[in-house]
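Here is how the chains run, residue by residue.
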Amino acid sequence: MLLEIRDLHVSVGETDILKGLNLTVNPGEVHAIMGPNGSGKSTLANVIAGRPEFTVVRGEVSYQGRDLMALLPEERAREGVFMAFQYPAELAGVRTWQFLKASVDAVRKHRGMKELSIREFDRLLDEKRRMVRIDADMVKRSVNEGYSGGEKKRNEVLQMAMLDPTLAVLDETDSGLDIDALRIVADGVNSFRSPSKAIVMVTHYQRILGYVSPDRVHVLLDGRIVRSGGRELALELEEKGYDWVRAEAA
Amino acid sequence: MTQTLTRYERYEADFHALDTAGRPQWLQDLRQTAWTRFLDLGFPTARRGNEKWKYTNAAPIARMEFGHDGRSRPNGLSAETTDAAIPRHDAWSQLVFVDGVFAEALSSRPESTDEVRVSSLEEAVLSNSETVESHLARHTPFEDDGFAALNTAFLRDGAFVHVAAGADVETPIHLVFLSTGNAAPTVSYPRALIVAENGSRATVIESYAGLNGGRYFSNSVSEMVIGEGAEVEHYRLQEESEAAFHVGSARVVLGEGGAYSSGAFSRGAALGRYDLSVLLDGPGSACRLSGLYVTSGTQHLDNNINIEHAKPYTTSRLNYKGILDGRSRAVFGGTVLVRKEAQKTDASQSDKNLVLSPYAEVDSKPALFIYADDVKCGHGATAGNIDEETVFYMRSRGMDVDTASRLLIHGFASETVDTVREPNLRAYLESQFLDTLPGRRLEF
């Protein structure tokens, strides 16, 4: 078991968002979390990554058998947890190259691997950026500054590829992408799939599931997973909408 | 009041003691006029209505007694001592002034040619340079500026750069103003006159630094005349000693189609003030002003910028940034004045501040005064700490808060350093300026 979430209750300020969420993710699996706006999808992704403003009121999140909530965001990243942001921050004056080097250095150091030389790092970066079709000039620019929506999402996938996490949580990485960008992102995600890694895709639409085939699909409604199934559940949702699940869950 | 008189007595004694034998009458008259004006104006106070000194208190300077020796010579100073305090590059022409007086032995100036003359002002005055007489103190309105009046009253030496029409001077000219800062507080009056004739090009770097930790007062005035179609790149590094007072000004006048770009980097002095005034006096002239101020401890740094669009089709771009830490304070005053005649003016000004400590404070006051009706003008100012969302983004990539903050602060400042076109100066700023920025441990 890679990730196990049991009875998770999360609030922001006075508002309860997750209200007893359960989820189990095994190595090698791809999970899709679907649900309408405001159901708590993004909160789930951000809680896993360790966003400070969320308070875990109750429940457990264990990652590789450890209490994930006890770790700082940077410790989670070094332990192999990665979240692709829905709205990645823009870092004025911090070049993508510099940013990735600092990230990769921090993660490798923690994992007891030797620091990459500039040359080794460049070789790795060249390989990974080609995969998501980010050109050499772009990594010299400030992180996400002046990037198009699609470029930002591809940059998230580039970071995932560079950091080589064990658990990747994609927070609406597919939203706002045209068909070409969606394909590039999906290819990047597919090439990341392996028997030892897992992916949790938070998404609003089943569109990306046509490119990245999930093992499990979950419907998140009002802070709880109310239905789980295989790939066919996504198609059913596409056809019938969420009201159908809502009616059944009630 | 009595105290005030005593204070000026010291300046007065030094004024009369300044050896100006053999100087032309026009210079003697100029000094006398400036002295009289200084006695009328005195040092500025933050009194009501004095917008230019509203947030900076000059009283610590006014209260202190500073000795002045216009004949002091740099005894025992070697290039090794001075190089530690300033950027330098073998390819640059360099004029070094110690306590305002030209130090030939520490300088490496080019031979004067038909294209460019780089000399001390004293030499230029003694050789009856017409250029000096027609420009010196003609562009600095010391009538309403006590500090400029005082500097002019003590005008004896300084730097003189004259670029001939059409000349393209590739070698940057570095003017270095060092203060020795000995046990007793001293004052010096650095002065520079730069004249770039029509169609010429030049790069001028000014550095201000202290050699010892002592308290001193550096009161500088630079004048720059940029002819028609001429281009001047001007960089200014204020790296005075921790205990120093620094009040400097630069006045720049541009002719038709002239271009002026400036990069002002300040991080020294206990109390520092820089007045930069640009007069866009020819149609189509343009200026691009960048600045970075870094304050910590109980420092107080003030940048006061005045841009006057006097003619049509003139352009100004003003981008300043500040990084504040500790209990320091920074002031940014930026005024853009668009005269009625200056139609088609395009002006923008921005001042952004990174305030790292809850005890630090910035007063940022950009202002526009527009009297023409067909113009494009904008301004803005921001102040804030490092964005928590941004730090979370970086932490989620494995960086700790320290590393994330350092990268963000470095990135914020490097946007200004990147505007420096002279590669050797940019390299200096990257290694000496960016790498010594305050770090910040943020609490989350």
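See the structure printed just above.
Residues numbered from 1 in each chain as written. Chains lettered and ligands numbered in written order. Predicted model: local features only at pLDDT ≥ 70, side-chain atom pairs only at ≥ 80, totals over all residues. Heavy atoms only, no water.

On to the overall build of chain A. Within chain A, the regular secondary structure consists of eight helices and 12 strands. Computed over the C-alpha atoms, the radius of gyration of chain A is 18 Å, within 12% of the 18 Å expected from 2.2 N^0.38 for a compact globule of 250 residues. Summarising its shape, the C-alpha atoms of chain A cover approximately 55 × 40 × 35 Å along the three principal directions. Put simply, chain A has 250 residues, and 56% of those count as buried. Across chain A, the fraction of contacts at a sequence separation of at least 24, relative to all contacts at a separation of at least 6, is 68%. For chain A, the exposed area adds up to about 10800 Å²; of that, 46% sits on carbon and sulfur atoms. Across chain A, the mean location of the 35 positive side-chain charges is 4 Å away from that of the 38 negative side-chain charges. (Helix = DSSP H or I, 4+ residues; strand = E, 2+ residues; numbered from the N terminus. Rg over C-alpha atoms; globule rule 2.2 N^0.38 Å. Buried < 20%, exposed > 50% of the residue type's maximum accessible area, 1.4 Å probe, protein only. Contact = heavy atoms within 4.5 Å. Areas by Shrake-Rupley, 256 points an atom, 1.4 Å probe, with all protein chains shown as cover. Lys, Arg positive; Asp, Glu negative; His and termini not counted. Charge placed at Lys NZ, Arg CZ, Asp CG, Glu CD.)

Now for the packing of aromatic side chains. Residues and elements named next belong to chain B. One pass over the structure, following the stated rule, counts 23 aromatic pairs over all chains. Seen from their ring centres, Phe177 and Tyr208 are 5.1 Å apart, and the 20 degrees between their planes marks the pair as stacked. Residue Phe177 is located in strand 5 (residues 173–179), and its partner Tyr208 is located in strand 8 (residues 201–210); the two are separated by 31 residues in the primary sequence. Comparing Phe177 with Tyr208 shows no difference in burial state: the two are buried. Judged by centre distance (5.6 Å) and plane angle (45 degrees), the rings of Tyr320 and Phe332 are tilted. One end of the pair, Tyr320, is in strand 16 (residues 315–324); the other, Phe332, is in strand 17 (residues 329–338), and 12 residues separate them in sequence. A relative accessible area of 1% places Tyr320 in the buried class. Residue Phe332 is classed as buried on the basis of its relative accessible area of 1%. Over the aromatic face of Phe412 sits the side chain of Lys321, whose NZ or CZ is 4.3 Å from the ring centroid. (Phe/Tyr/Trp six-rings, centres within 6.5 Å; stacked < 30°, edge-to-face > 60°. Lys NZ or Arg CZ within 6 Å of the ring centre and 35° of its normal.)

Our next topic: the interface of chain B and chain A. In this complex, chain B contributes 21 residues to the contact, which on the side of chain A involves 34 residues. Between chain B and chain A, the buried area comes to about 2100 Å², and carbon and sulfur atoms account for 59% of it. A per-residue breakdown of the area chain B buries against chain A is headed by Phe392(B), Tyr393(B) and Arg397(B), which together make up 37% of the total. The salt bridge involving Arg395(B) is made with Glu74(A); its shortest N-O contact spans 2.7 Å. (Buried area = accessible area lost by both parts, 1.4 Å probe. Salt bridge = Lys/Arg side-chain N within 4 Å of Asp/Glu carboxyl O.)

On to the pattern of salt bridges, then. Enumeration according to the criterion identifies 45 salt bridges over all chains in this entry. With its nearest N and O atoms 3.7 Å apart, the salt bridge here joins Glu233(B) to Arg421(B). Of the two residues, Glu233(B) is situated in strand 10 (residues 231–239) and Arg421(B) in the loop between helix 9 (401–417) and helix 10 (423–433); the sequence distance between them amounts to 188 residues. Looking at Glu233(B), the relative accessible area reads 12%, which means it is buried. Three or more residues joined by partner-sharing salt bridges are found here, namely Arg51(A), Glu53(A) and Glu389(B).

Rolled over the atoms, a probe with the dimensions of a water molecule shows which regions are left empty. Residues and elements named next belong to chain B. Counted as a void, the largest pocket has a volume near 680 Å³. For the largest pocket, the lining is made up of 30 residues, of which Lys52, Pro141, Asp144, Arg251 and Asn306 are closest to its centre. Among the elements of the structure, helix 7 (146–153), strand 11 (245–254), strand 13 (271–280), strand 15 (300–309) and strand 17 are those that each provide at least two residues to the lining of the largest pocket. Here the residues of the lining of the largest pocket sort into 14 nonpolar, seven polar and nine charged. (1 Å grid on protein atoms, 1.4 Å probe; cavity = no way out; pocket = protein on both sides within 12 Å on 5 of 7 lines; lining within 4 Å. Points joined across faces, edges and corners; volume = space filled by probe spheres on them. Nonpolar A, V, L, I, M, F, W, Y, C, P; charged D, E, K, R; others polar.)

The next point concerns the packing of helix 8 (residues 388–395) of chain B against helix 9 of chain B. Residues and elements named next belong to chain B. The geometry of helix 8 relative to helix 9 is characterised by a closest axis approach of 9 Å and an angle of 120 degrees between their N-to-C directions. Taken as axis vectors, helix 8 and helix 9 run oblique relative to one another. Like other packed secondary-structure pairs, helix 8 and helix 9 cross with a definite hand, here right-handed. Facing helix 8, whose interface residues are Thr390, Val391, Met394 and Arg395, helix 9 presents Val401, Ala404, Leu407 and Leu408. Grouping the amino acids of the contact of helix 8 with helix 9 by side-chain chemistry returns six nonpolar, one polar and one charged. (Axes fitted to C-alpha atoms, helices over the stretch in contact; angles between N-to-C directions. Parallel < 35°, antiparallel > 145°, perpendicular 65-115°, else oblique. Left-handed = near helix turned anticlockwise from the far one by under 90°.)

This paragraph deals with the environment of Val61(A). All names here are of chain A. Within the secondary structure, Val61 sits in strand 4 (residues 55–63). The exposure class assigned to Val61 is buried, which follows from its relative accessible area of 2%. In the structure, Val61 is positioned 39 residues away from Asn22 in sequence and 9.3 Å away in space, judged by C-alpha atoms. Contact partners of Val61, with chain neighbours within four places excluded, come to Leu3, Glu4, Ile5, Leu8, Arg66, Asp67, Leu68 and Met69.

Treat this as a map of the structure, not an account of what it does.
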